Amino acid sequence: MTDVAEQDDGRSAEERLRERRRAAQRKARRVLARGTPRNSIRERLALLQEAGAEVYDLDEPGDVYGDQIVAALEERVAALLGTEAAAFFPTGTMAQQVALRCWAARTGNPAVALHPLAHPEVHERQAFSQVSGLRPVRVGGEHRLPTAAEIRDLEEPFGALMLELPLRDAGFVLPTWEELTEAVEAARERDAVVHFDGARLWECTEHFGRPLAEIAGLADSVYVSFYKSVGGFGGAALAGPRTLVEEAKTWRHRYGGTVFQQFPTALSALIGLEREVPRLPEYVRHARVVAAALREGFAAAGVPWSRVHPEEPHTHQFQVWLPYEPDVAAEAALRQAEETSVMLFTSVWNTGGPGLAFTEVGVQAAGLEWTADDVRAAVRDFVDRLPGRV
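Predicted, not measured: the structure shown is a model, and the values here were computed from it.

Cut-offs and rules
- Residues numbered from 1 in each chain as written.
- Predicted model: local features only at pLDDT ≥ 70, side-chain atom pairs only at ≥ 80, totals over all residues.
- Heavy atoms only, no water.
- Helix = DSSP H or I, 4+ residues; strand = E, 2+ residues; numbered from the N terminus.
- Contact = heavy atoms within 4.5 Å.
- Pairing = 2+ DSSP bridges.
- Axes fitted to C-alpha atoms, helices over the stretch in contact; angles between N-to-C directions.
- Patch = residues over 30% accessible without salt bridge, like charges linked within 9 Å, V, L, I, M, F, W, Y side chains within 5 Å.
- Areas by Shrake-Rupley, 256 points an atom, 1.4 Å probe, with all protein chains shown as cover.
- Salt bridge = Lys/Arg side-chain N within 4 Å of Asp/Glu carboxyl O.
- Lys, Arg positive; Asp, Glu negative; His and termini not counted.
- Charge placed at Lys NZ, Arg CZ, Asp CG, Glu CD.
- Core = buried A, V, L, I, M, F, W, Y, C linked by side-chain atoms within 4.5 Å.
- Buried < 20%, exposed > 50% of the residue type's maximum accessible area, 1.4 Å probe, protein only.
- Phe/Tyr/Trp six-rings, centres within 6.5 Å; stacked < 30°, edge-to-face > 60°.
- Lys NZ or Arg CZ within 6 Å of the ring centre and 35° of its normal.
- Parallel < 35°, antiparallel > 145°, perpendicular 65-115°, else oblique.
- Left-handed = near helix turned anticlockwise from the far one by under 90°.
- pLDDT = per-residue confidence, 0-100.

A closer look at the side chain of S268
So, step 1. Tracing the backbone shows S268 in helix α13 (residues 263-275).
So, step 2. What S268 contacts, discounting residues up to four positions off in sequence, is L48, G232 and F233.

Shown next, in the form of structure tokens:
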């Protein structure tokens, strides 16, 4: 039977749940990560005004089709990643398509080898093939990145290997440094270029024990995001050789990505690069404390089966798996937030199979205040709201 309230306001159950989650996160006094997109427009504009002056001269004129502050942001990204140049893009979807179609023209092969859980395969509605004439070829499997052996043994040739670092849908997982270098070498043995989907590359330095420039230097080109990890309004950059970047700017125009003015987005990105990127290693280290406390909390609460994946997070984000349907876990998480103002789980709960749900957990500045005891107590309180608990 359809819910009467749902009929009255015309919203689906999913929409109503989403609004409850957003409201709970706005009102919660304690969260592990407080997403800036949930802040009001006034608060976000205030951030630009207050923090913007620390990273850029606000008396300078705004950008026009990519000059001024946008050009300054491109130079900053190239310097951080150790590449010859970088180009700003409004979206990562556009940036990666442009990069890979440029490489396809140079290699003469439109096939792109990538993991089955890579972002273009799961979240972009077949944009590679439908828009850019690229042909995805799946390599690897399971909840890990492709191995060097899998790359060498791929049955058909490919012009580019795309590696998502970290692989978000597998649990924000990364290979070891040795595995990554071997995978890159395997691709080059097959005369393929290597492109990093580095939407969250900023948070990989702690795991690899290497600076950003050394990580990015393994690839022929790298895409990075300005809102994932960094907290900007949006936007992305493609970094690599100057000739590739100049060609990419031509395709950016053709794709409709040369926007008249983007100074608010560019300024928010510069703020994020200055403020958040240096703090990411600290977030990663504390995420490991939180992950261990979650495991201990669920075990102590007697939950028959639970998983934190990876057991020791590779970045400041990871997955939690529980033996409940997603709507059951989501309701318990929302009730905890609404009734106690403590929100342990802020993200959507997804199905992982019959009677199995998982969600993503991230630790940022707000999460640094949580001790292991705080996490364990919050787990106990959350579990008490699950069905069948006494």
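Now, onward.
Section: the sheet that holds strand β13 (residues 356-362)
Strand pairs in the sheet, formed through backbone hydrogen bonds, run parallel or antiparallel to each other.
So, step 1. Reading across the sheet, the four strands line up as β9-β10-β13-β12 and stay open at both edges, with antiparallel pairing between neighbours. The open sheet terminates on both sides in strands that have one partner only, identified here as β9 (307-309) and β12 (349-353). Here the strands of the sheet are splayed against their neighbours by 30° on average, with no regard to which way each runs.
So, step 2. Relative to β12, helix α15 (residues 326-340) is tilted by about 150°, and along the sheet it contacts β12 and β13.

Re a negative patch on the surface
So, step 1. A cluster of like negative charges, contributed by E178, E179, E182 and E185, occupies part of the molecular surface.
So, step 2. Within the fold, E182 resides in helix α9 (residues 177-189).

Observations concerning a nonpolar patch on the surface
So, step 1. Residues V64, Y65, V259 and F260 make up a contiguous nonpolar surface patch of about 370 Å² in total accessible area.
So, step 2. Summarising the element assignment, V64 is placed in the loop between α3 (41-55) and α4 (69-81).

Quick word on the sheet that holds strand β7 (residues 221-225)
So, step 1. Read from one edge of the open sheet, seven strands run β2-β8-β7-β6-β5-β3-β4, paired in mixed fashion. With one partner strand each, in any of the chains shown, β2 (85-89) and β4 (135-138) form the two edges of the open sheet. When the angles between neighbouring strand axes are averaged without regard to direction, this sheet yields 25°.
So, step 2. In this sheet, β4 lies alongside strand β3 (residues 111-114) in parallel orientation, the contact comprising four bridges. Paired with V112 across the strands is P136, a residue of β4.
So, step 3. Here α4 sits on the sheet and contacts β2, β7 and β8 (236-240); the angle it forms with β2, its principal contact strand, is near 130°.
So, step 4. Of the strands in this sheet, β2, β3, β5 (160-164), β6 (193-198), β7 and β8 are in contact with helix α5 (residues 92-107), which crosses β6 at around 180°.

A closer look at the nonpolar core
So, step 1. In terms of nonpolar packing, the biggest core is built from 61 residues, with L81, F196, L201 and W202 touching the most fellow members.
So, step 2. It is α4 that contributes the most residues to this core, seven residues altogether.
So, step 3. Ignoring sequence-local partners within four residues, the contact set of W202 consists of L80, L81, L212, V224, S225, F226, K228, S229, V230, L273, V277 and L280.
So, step 4. Membership of the second largest hydrophobic core comes to 32 residues, among which are V320, A330, V342 and A357.

A look at the packing of aromatic side chains
So, step 1. Within the structure shown, the criterion is met by 10 aromatic pairs.
So, step 2. Relative to F226, the ring of F88 lies with its centre 6.0 Å away and its plane at 10°, an arrangement referred to as stacked. In this pair, F88 is assigned in strand β2 and F226 in the loop between β7 and β8, connecting sequence segments 138 residues apart. Each member of the pair, F88 as well as F226, carries the same accessibility label: buried.
So, step 3. Arranged with centres 6.3 Å apart and planes meeting at 5°, the rings of W349 and F382 form a pair that is stacked. Within this pair, whereas W349 is found in strand β12, its partner F382 is found in helix α16 (residues 372-383), the two being separated by 33 residues in sequence. Both residues of the pair, W349 and F382, count as buried.
So, step 4. Across from the ring centre of W103, 5.6 Å away, lies the NZ or CZ of R106, which sits over that ring.

Digging into the packing of helix α14 (residues 280-300) against α16
So, step 1. Close contact between α14 and α16 brings their axes to 8 Å; oriented N to C, the two are set at 40°. Judged by the inter-axis angle, α14 sits oblique to α16. Handedness of the crossing formed by α14 with α16: right-handed. On the side of α14, the interface is formed by V289, V290, A293, L294, E296, G297, F298 and A300, while α16 contributes A372, V375, R376, V379, R380, F382 and V383.

Quick look at the confidence of the model for the protein chain
So, step 1. Summing up the model confidence of the protein chain, the mean pLDDT is 95 and the portion of residues at 70 or higher is 96%.
So, step 2. Within the model, the stretch residues 1-6 combines pLDDT values under 50 with six contacts to residues more than four positions away or in other chains.

Remarks on the pattern of salt bridges
So, step 1. Summed over the entire model, instances satisfying the criterion amount to 28 salt bridges.
So, step 2. With a shortest N-O distance of 3.6 Å, R275 and E54 are connected by a salt bridge. Taken together, the positions of R275 in helix α13 and E54 in helix α3 put the pair 221 residues apart, joining distant regions of the chain.
So, step 3. You can call R275 partly exposed: its relative accessible area is 38%.
So, step 4. For R279, the salt bridge goes to E282, with nearest N and O atoms at 3.9 Å.
So, step 5. In this structure R279 comes out as partly exposed when scored by relative accessible area, which is 32%.
So, step 6. Where salt bridges share partners, they join E74, E246, K249 and R252 into one cluster.

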